[in-house]
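# Topology and contacts: notes
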Amino acid sequence: PKERRIFSLHPFFPCEEIGPPLLRALQKGWPFVMICLPLSSFCCHCCVSRCGPSISAAYALTQTALRRSKIKPHNLAQAEAAKVQATVNQPQTTVVTGETRFYEQPSAVASEPDHGNRVTVEIHPRTTSQIGKTHFFNRGTQVFPDLRGQDNEGFQDDRDQQPSLPQGQDLPDYEEKRRSLPDEQDLHAYPWDRSNLKSMPIDLQQFKNLDAYAAKVNTRSNVEDLVSVLLQEAHSDLEKVRAIWIWISHHIEYDVEAYHDESKIFCKPAEVLQSGKSVCAGYSNLFEKMCSIAGIQCKNLSGHAKGRGYKPGKVFRGDSNHAWNAVFLHGRWHLLDSTWGSGYTMDKFIFRYNEFYFLTHPALFIAEHFPEDYKWQLLKPTLTLPQFERHIQYRSCFFARGLVAATPATAVIQTENGKATIVIESCRPTLFMSALNKLNENCLIMLQRNGMKLEVYPQQTGTHCLQIFAKHFQDMKGSYNFALECSLECSSVDKSISLPKDLIYPVGPNWFTEQVGILKASPPGPVIHTDDGRCAITFTQSEDLDFFATLMSNNSRIPEDIRRRHIWKTRQGNQAALKIHLPHAGHFALSIWAKKTSDPGGCQCALSYLLSCPNKSVAWPVFPQTFTNWEDDYELVAPLAGVLPANSQVQFKLKLPGICQAYVKCGEKPLPLTLSETGFWEGACNTSSGETVSVQISKEGENVRRYILEYKVKTR
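The paragraphs below set out a description of the structure included in this document. (Residues numbered from 1 in each chain as written. Predicted model: local features only at pLDDT ≥ 70, side-chain atom pairs only at ≥ 80, totals over all residues. Heavy atoms only, no water.)

This part is about the overall build of the chain. Regarding its fold elements, the chain presents 15 helices and 38 strands. Expressed as a percentage of contacts within the chain between residues at least 6 apart in sequence, the contacts between residues at least 24 apart total 70%. (Helix = DSSP H or I, 4+ residues; strand = E, 2+ residues; numbered from the N terminus. Contact = heavy atoms within 4.5 Å.)

As structure tokens, this is what we get:
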């Protein structure tokens, strides 16, 4: 009956039935304000694991009842929580925990002052025990990451949905065995299966309110009070770990001074809390202490890490250089690094929250963390230290850019015949840039639909530093961000390849080319080899596209405006073609610049090719000079050379739609051309009368002749 204030549960009362009737009573609106659980040290495991979740859920309901009854906060934790809640303007919600676990046996879960409605539940031990089953309450839809490119986006998770129970419905039983070491069920396959960046599927959006609350908590009196305040809004084990993680990542800074002077290192949890800074050991110690207070099983781990000062190929010897943690959630061990989650150091520490290091998938965590005890890799199979040293360092920014993997996945890459090839896979179209020894040269980037292929041609033997940068293709105005670094060991140089410094990446037709408006470009490859110094490029263009082309070379002394005249552009409808006659042998960078006429701003490089001509006898002249009256649908058949021989009869053949008359002028008198049945204006001109030859046109109703082309006559 409602008048009863105390339950007395005797040994004959089955322990698994203690929680459900109490929870049902609370759900019916009984005005209870406190639950006391005097669990003695000799309580059996069955008692704790089977009745604990229901009683904990009942306790959560009493806390909600307290808030709803508008009872004044009476202790530090409640007062601080209320202050933080007011700051973040977060409404109170009722949450029934679905995964409470008891790793320790405290004398009491909580205490409240007696306001006249008090329930005391006494649990008397039974000597019998039963083996319980592991249950998960309302798991919810699993959402896997889309690897979005911002620093803290794309790290999706799927926290358990935790609605209130219907009236009269009991919570299911839970049991998670306490395990101090990982076993078979903790292990993840290696290499990474690319299914999730996290070791468990969780949804970060559901942490939005909790993260905002935990980040603003500012209790520093002692660790116990801090945890008490955080747990006001964290109920499940996952929420508790998340609240602790968020608080440390936003309030503890890395002690750069102590890193250089070991005498100034303080790593005890109380010291770290009071000072607000420490090295990695202090971070992990504080995290472990806070988890212990919250009832979460947590381990302090140490080992080698590819952190500050790491260079690809480094050999790790001696003592460990880093510390991190493992937590036990949902029946498995999970890894996290609160030091690297809080920010980074340059000359000083900079707070910059990094989601990647929270419950990171072990197959990704191993790229930078190698524990002293191989078991804590949580991998099957485990890696050896030499394998860890050889493996490329995937930093968090690699995955934040939407990248997935690199091949070869080694920190040091050996060139073959003077060339190194690296392939990077991404989960979406991405733009790349590279630097060899901090210079943007000697690299050939070819975009693929999801990734890129990079060829590197070092011009000196020895060790070289290769860095790769990336950005989302929609962020055209944004800057490239660091993604990957590796070391190249070059034993020989390929002298046949000398990439022009002005070669613009990416090279060859690709998805970005199509997006700009250049379709079906041919040749499809990035390099055009020509022995006679001539080549052609064709493509289909979008309707409102405007474009021009440039030709660059390292060893050319020809001015840029003259080099452009070695490219002849024609366009018939939406079909465009470029004819290239090289001025000499060598390697050239051909760039096609384009923009939609309706778009503001200037042109951007939409397509580039590497042109290679080894024939040293090549010396093609320029094409004729064009004027503004030359229209896109005009076609020049002959002569193509912009320099004509002296004292020679030269044949002209052009297609000039929309005109009424065409002329060739050499000297004083223009000579009219004849329109043939095939639609070409044809005729001949002798070059003995002047130093230049021009082609002129007139249109219907006009009394003027317009210049469209000009040739030079070769002097003797």
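Glancing now at the pattern of salt bridges. Within this structure, the stated rule accounts for 15 salt bridges. Between Glu257 and Lys264 there is a salt bridge, with its nearest N and O atoms 2.3 Å apart. Accessibility expressed as a relative area gives 46% for Glu257, which makes it partly exposed. The partner of Glu514 in a salt bridge is Arg449, and the shortest N-O contact between them spans 3.6 Å. Taken as a pair, Glu514 in helix α14 (residues 511–516) and Arg449 in the loop between β17 (443–448) and β18 (451–456) lie far apart in primary sequence, 65 residues in all. We classify Arg449 as partly exposed; its relative accessible area is 49%. Connected through salt bridges with shared partners, the residues Lys198, Asp211, Arg242 and Glu355 form a single ionic network. (Salt bridge = Lys/Arg side-chain N within 4 Å of Asp/Glu carboxyl O. Buried < 20%, exposed > 50% of the residue type's maximum accessible area, 1.4 Å probe, protein only.)

With antiparallel pairing, the four strands of this open sheet are ordered in space as β30-β32-β36-β35. Only two strands of the sheet have a single partner each, and these edge strands are β30 (635–638) and β35 (674–675). Bridge count between β35 and strand β36 (residues 681–686): two bridges; the pairing is antiparallel. Following the sheet pairing, Leu675 is matched in β36 by Trp681. (Pairing = 2+ DSSP bridges.)

Here the focus is helix α6 (residues 237–251). The terminal C-alpha atoms of α6, which comprises 15 residues, lie 21 Å apart, in line with the 21 Å expected from a rise of 1.5 Å per residue. Of all 15 residues that make up α6, 14 are buried, and the element is covered over most of its length. (Expected span 1.5 Å × (residues − 1).)

The strand order β8-β7-β6-β11 describes an open sheet built from four strands, whose pairing is antiparallel. Looking at which strands have only one partner, the edges of the open sheet turn out to be β8 (332–336) and β11 (369–371). Geometrically, the sheet is characterised by an average inter-axis angle of 45° between neighbouring strands, direction not taken into account. Two elements, strand β7 (residues 322–329) and β8, share five bridges in a ladder whose sense is antiparallel. Along β8, the bridge assignment pairs Val327 with His334. Strands in contact with α6 are β7 and β8; relative to β7, the strand with the most contacts, it is inclined by about 160°. Contacting β6 (298–305), β7 and β8, helix α9 (residues 280–294) runs over the sheet at an angle of about 20° to β7. (Axes fitted to C-alpha atoms, helices over the stretch in contact; angles between N-to-C directions.)

What follows covers the packing of helix α4 (residues 208–216) against α6. It is at 8 Å that the axes of α4 and α6 come closest, and there the two elements cross at 45°. Relative to α6, α4 is oriented oblique. α4 and α6 meet at a crossing whose hand is right-handed. Each of Leu210, Asp211, Ala214 and Ala215 in α4 lies in contact with α6, whose residues at this interface are Glu239, Arg242, Ala243, Ile246, Trp247, His250 and His251. When grouped by side-chain class, the residues that make up the contact of α4 with α6 number six nonpolar, two polar and three charged. (Parallel < 35°, antiparallel > 145°, perpendicular 65-115°, else oblique. Left-handed = near helix turned anticlockwise from the far one by under 90°. Nonpolar A, V, L, I, M, F, W, Y, C, P; charged D, E, K, R; others polar.)

In this chain, Tyr505 is followed by Pro506 through a cis amide linkage whose omega measures -5°. For Pro506, the location among the structural elements is in the loop between β20 (481–490) and α14. Across the junction of Ala638 and Pro639, the peptide omega takes the value -5°, indicating a cis bond. Note that Pro639 resides in the loop between β30 and β31 (643–644). If you check the backbone angles, Asn442 has positive phi at about 65° while not being a glycine. Along the chain, Asn442 falls in the loop between β16 (430–436) and β17. Phi angles above zero are rare outside glycine, and Lys520 is one such case at about 50°.

Alternating positions in strand β32 (residues 649–655) separate cleanly, Val650, Phe652 and Leu654 being buried on one face and Gln649, Gln651, Lys653 and Lys655 remaining unburied on the opposite face. Here β30 runs beside β32; their pairing, made up of three bridges, is antiparallel. Bridge pairing links Ala638 to Lys653 in β32. Where β32 and β36 come together, six bridges link them in antiparallel fashion. Residue Val650 lies in a different strand from β36, and its bridge partner there is Cys685.

As enumerated under the stated definition, the model contains 28 aromatic pairs in all. With a centroid separation of 6.2 Å and an interplanar angle of 55°, the aromatic rings of Tyr254 and Tyr259 are classed as tilted. Note on Tyr259: relative accessible area 40%, which makes it partly exposed. With centroids separated by 5.3 Å and ring planes inclined at 70°, the aromatic side chains of Phe539 and Phe547 adopt a geometry described as edge-to-face. Cluster of aromatic residues (ring-pair linked, three or more members): Trp192, Trp340, Phe356, Tyr357, Tyr394, Phe398 and Phe399. In this structure, Arg242 packs its charged tip against the face of Phe358, placed 4.8 Å from the ring centre. The ring of Phe680 has Lys653 sitting right over it, with the charged end atom 4.7 Å from the ring centre. (Phe/Tyr/Trp six-rings, centres within 6.5 Å; stacked < 30°, edge-to-face > 60°. Lys NZ or Arg CZ within 6 Å of the ring centre and 35° of its normal.)

So, about the environment of Ala258. Relative to the helices and strands, Ala258 is located in helix α7 (residues 256–260). Residue Ala258 is classed as buried on the basis of its relative accessible area, which comes to 1%. Filtering out sequence-adjacent residues up to four positions away, Ala258 remains in contact with Lys264, Ile265 and Val279.

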